[in-house]
Number of protein chains: 2
Amino acid sequence: MEAARGIADLGYKAIIIETRDRLGGNPDSSGYAKLTPNMQDSEEAMDEMRNAVLDNPNVEIMLNTTIGGMEGELGNFRIKGKSDGKSVEIDGGAIIVATGFQHFDPGRETQKYGYYEHDDVITLVDAEKMFKADHFVRPSNGEKPKSVAFIQCVGSRDRQIGNEYCSKVCCGISSKQAIEVRHHCPDAKIFIFYIDMRMYGYWENEIYWPAQEKHKVNYIKGMATEIIKKGDHLIVKGEDATLRRPMEVPMDLVILAVGMEPSMGTRRMAEVFGIKQNKFGFIETMGGALNTVSTNVPGVFAAGACTGPADLEDSISAAGSAVMKSIGAMRKSQVTA
Amino acid sequence: MEAARGIADLGYKAIIIETRDRLGGNPDSSGYAKLTPNMQDSEEAMDEMRNAVLDNPNVEIMLNTTIGGMEGELGNFRIKGKSDGKSVEIDGGAIIVATGFQHFDPGRETQKYGYYEHDDVITLVDAEKMFKADHFVRPSNGEKPKSVAFIQCVGSRDRQIGNEYCSKVCCGISSKQAIEVRHHCPDAKIFIFYIDMRMYGYWENEIYWPAQEKHKVNYIKGMATEIIKKGDHLIVKGEDATLRRPMEVPMDLVILAVGMEPSMGTRRMAEVFGIKQNKFGFIETMGGALNTVSTNVPGVFAAGACTGPADLEDSISAAGSAVMKSIGAMRKSQVTA
């Protein structure tokens, strides 16, 4: 949406191809309540972005549309797909892939958290849905939890499953959610079990310190490795790295900070457009740190979390870079053609 | 440079106003050797960026130029300044501020590291210069160090001095430099004293684990608070947070991971253009996480580390966003004018 608005503002025509029946990506489909770090209402923010492209004469939006193939080259692409069940062909000078990420599934066999077994083990995404519904409770009994634990790095920094990368945003999102838990449960004990707190840049002063000092969130360096059920409670087992000893802590509710993985759309588009993926399946950008959007295919660019873990700022900025480079490349191809 | 190239590629004219006698910013003026994370040669990378604007008919470059005032508005700005000592007026439709950061001065009175007292206490910047000269030694005696310590968060995450933010890139740069130290000193002991290792995203797998496993860099959770000299060595005093006890470790060379502060140029331009700054002096962007470049002054945008701690990818992406939004805004102002 950000890229399409920008393309339109530059006087070019943008076509948004979306598989779902409405725009908004993960913040919309997963029902995010508030954005990190500034607690902006997610629905309002997405509405604003949607309205900018919906009312835009330079933007065409194709919903319920899937892409099956691509022909041509920079300046002269033809995309083939299906829209509302009918075959379509879409022409364009350049392509920007913005297919984002999917949340890690914490129910994989390597994960000992019992996500699918215990009602009160949920994910950041499940928690967002409860915050959005303004009803934050233990799913098992509908009561407010007296103790809540966040477990960081679920599906990230994990070599066993091949996700060696850090998902970048989970520390910030967990801390933001911990503040929201405090609003719902003024007397609850709130813990964040972490390896490193990756509160880079302003997140340090915007969320990390307020969470601790104003909202009484406890950060404990240590990794939880297993969750079992004991009576009405969950027992979080792991290691407290500061105390250097095993821990077993009873909790009412556990929130798994699930990381990012390449979405199916990202994997599919990489195949359709012949774009190189890195070993994790994200789209590989070319040119090192000084180029964040170019792929190995001239005229095909990628922006946001389809290239790897990205926060909102990263994705928004990358959209701008992709617009600048894609229209620049298109113009050059017309000059030389 | 990235923004100017992009503006030119879109068919508009860019004027780069630079106070120094050549382009390249901190990587050039501070003599960076290699970029983080992919060890790209900094000079080659800057040359490539410079060449793209130097040979560009759509880019005018004004070196040795300072700005003293600004009149007008979006679509019709007039900047007044001095170029090579002569008064100049520069007209433009939109303004992108890209004045970056300056490295924290570790010799401030709050800092107990003896940067100006001990020859063998240096900064990341001093180390870069030695790497670039391919001559990495103890400044005190010209010999290769047998033990090297990096101290993280110097001037960052420090409330005493008002820099509450995390400077974002120092963990990555220190780890990259630790690998370079290993190349110069195959048998040295190399330590990184840290609070949290903020190796977000791919830095985790690209530098953090290779530094430890391939290059035998030791990461020690703990903050060094003071450095004194004892005979031929430095003594790093502090707390080992894992062992939970005070530490006093002898070292041949200590590298202070100095953070980012707003540059003088950033502070000056904020004044000249009437742009709002945050409490740290960086330029404040408007619109939360979904707008990384707009300032409170319509038509004036900011990109990169002048808005706060930023890595190379952040700055490059933000340049694209600033180009997209500035030309978009200019075009709209012409339509309504």
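So, a few notes on the structure that sits alongside this text. What you are looking at is a predicted structure, and each value in this text was computed from that prediction instead of being measured.

Here's the deal with the relation of the copies chain A and chain B
- Superposing chain A onto chain B takes a rotation of 180 degrees combined with a translation of 0.0 Å along the rotation axis, leaving an RMSD of 0.0 Å. The operation mapping one copy onto its partner corresponds to a two-fold rotation axis.
- The fraction of interface residues of chain A whose copies in chain B are also interface residues reaches 100%, indicating that both copies meet through the same surface.

A few points about the packing of aromatic side chains
- Evaluated as defined, the whole model comprises 25 aromatic pairs over all chains.
- Plain terms: the ring middles of Phe282(A) and Tyr202(B) are 6.4 Å apart, the flat faces sit at 70 degrees to each other, and that makes the pair edge-to-face. Placement of the pair is Phe282(A) in the loop between helix H7 (264-273) and strand S16 (300-302) and Tyr202(B) in the loop between strand S10 (189-194) and helix H6 (203-213), with the two residues belonging to separate chains. Here the two residues Phe282(A) and Tyr202(B) agree in accessibility, since each one is buried.
- Ring centres of Tyr165(B) and Phe280(B) lie 4.8 Å apart, and the angle between their planes is 75 degrees; this geometry places the pair in the edge-to-face category.

What to know about the interface of chain A and chain B
- Contacts between chain A and chain B engage 63 residues on the former and 64 residues on the latter.
- Here chain A packs against chain B, burying approximately 4900 Å² in sum over the two surfaces, 55% of which is carbon and sulfur.
- Among the residues chain A hides against chain B, the three largest losses belong to Tyr202(A), Leu290(A) and Met324(A). Together they make up 15% of the total.
- If you look at where chain A meets chain B, you find ten salt bridges.
- In this structure, the salt-bridge partner of Asp9(B) is Lys332(A), at a minimum N-O distance of 3.5 Å.
- Across the contact surface, chain A and chain B share 25 residue pairs in polar contact (both at pLDDT 80 or more).
- With 16 residues, the top contributor of residues to the side of chain A that touches chain B is helix H8 (residues 312-336) of chain A.
- Here the residues of the side of chain A that touches chain B sort into 27 nonpolar, 19 polar and 17 charged.

Conventions adopted
- Residues numbered from 1 in each chain as written.
- Chains lettered and ligands numbered in written order.
- Predicted model: local features only at pLDDT ≥ 70, side-chain atom pairs only at ≥ 80, totals over all residues.
- Heavy atoms only, no water.
- Least-squares fit on C-alpha atoms with pLDDT ≥ 70 in both.
- Contact = heavy atoms within 4.5 Å.
- Phe/Tyr/Trp six-rings, centres within 6.5 Å; stacked < 30°, edge-to-face > 60°.
- Helix = DSSP H or I, 4+ residues; strand = E, 2+ residues; numbered from the N terminus.
- Buried < 20%, exposed > 50% of the residue type's maximum accessible area, 1.4 Å probe, protein only.
- Buried area = accessible area lost by both parts, 1.4 Å probe.
- Salt bridge = Lys/Arg side-chain N within 4 Å of Asp/Glu carboxyl O.
- Polar contact = N/O pair within 3.5 Å; in protein donor to acceptor, adjacent residues only side chain to side chain.
- Nonpolar A, V, L, I, M, F, W, Y, C, P; charged D, E, K, R; others polar.

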